[in-house]
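Per-entry structural report
So you can see what is in the structure, the chains are spelled out below.
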Amino acid sequence: MKYYQEITLLPDQEISLNFIWSKVFHQLHLAFANAADEAGRIPFGVSFPGYTMEDGNIGLGNKLRVFSPDGEMLDGLELHKKLSRLEDYVHVVRRPRTVPEEVRGYSCYSRLHQEANGSAKARRYARRHDISVDEAEKLFPPNTITLKEPYIRLDSSSTGQKMLLFIRKTEE
């Protein structure tokens, strides 16, 4: 990934940073889906320079960088146009920048899937195996593990369901 474009989120008193993250990521997801090749591969990556998980301060910060191996491909995403509805809350650097040569390390950001709770597993198991939910709940005790990583709340365009996109950062 040799090129990047930076997006800065600009929250104010009326609109929270979390709400802006949701809107930005929705548009980014659509842009990436449209840019996928025949095999479904997407030639872009993202990073969160303000990502933090220290001393109870958990968050993604207010910057997002979109990376690509090709500057023209990144420019072709036209992020400034796709995010134009949010121009009061988002600043998009118009032209891709070259990643500095002196950058030696990198961070890896990955999506985490929160495991379904015990009652959801029990209902699904009961439905699939034709047993009562009470019987299935004996097999699946409630779990109390919750993810602590920062997340973005998204609404599915196809189903309308709300979901949380948990993001974990690892240093490489």
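Attention in this report is confined to the structure presented alongside it. Small disclaimer: the values here were computed from a predicted structure and weren't measured.

Our focus in this paragraph is the pattern of salt bridges. When the charged atoms of two side chains with opposite charge come close together, those side chains can pair. In total, this model carries 7 salt bridges according to the counting rule given. A salt bridge links Glu6 to Lys63, with the nearest nitrogen and oxygen atoms 3.7 Å apart. Of the two residues, Glu6 is situated in strand β1 (residues 3–9) and Lys63 in strand β5 (residues 63–68); the sequence distance between them amounts to 57 residues. Residue Glu6 is classed as buried on the basis of its relative accessible area, which comes to 10%. Judged by its relative accessible area of 27%, Lys63 is partly exposed. The closest approach of N and O atoms between Lys81 and Glu78, which form a salt bridge, is 3.4 Å. Salt bridges here are not isolated pairs; linked through shared partners, they connect Glu6, Lys63 and Arg65.

With that out of the way, let us pick up a negative patch on the surface. On the surface, Asp12, Glu14, Glu87 and Asp88 cluster together into a negatively charged patch. With respect to the helices and strands, the residue Asp12 is situated in the loop between β1 and α1 (17–35). Note on Asp12: relative accessible area 39%, which makes it partly exposed.

Conventions and cut-offs
- Residues numbered from 1 in each chain as written.
- Predicted model: local features only at pLDDT ≥ 70, side-chain atom pairs only at ≥ 80, totals over all residues.
- Heavy atoms only, no water.
- Salt bridge = Lys/Arg side-chain N within 4 Å of Asp/Glu carboxyl O.
- Helix = DSSP H or I, 4+ residues; strand = E, 2+ residues; numbered from the N terminus.
- Buried < 20%, exposed > 50% of the residue type's maximum accessible area, 1.4 Å probe, protein only.
- Patch = residues over 30% accessible without salt bridge, like charges linked within 9 Å, V, L, I, M, F, W, Y side chains within 5 Å.
- Areas by Shrake-Rupley, 256 points an atom, 1.4 Å probe, with all protein chains shown as cover.
- Lys, Arg positive; Asp, Glu negative; His and termini not counted.
- Charge placed at Lys NZ, Arg CZ, Asp CG, Glu CD.

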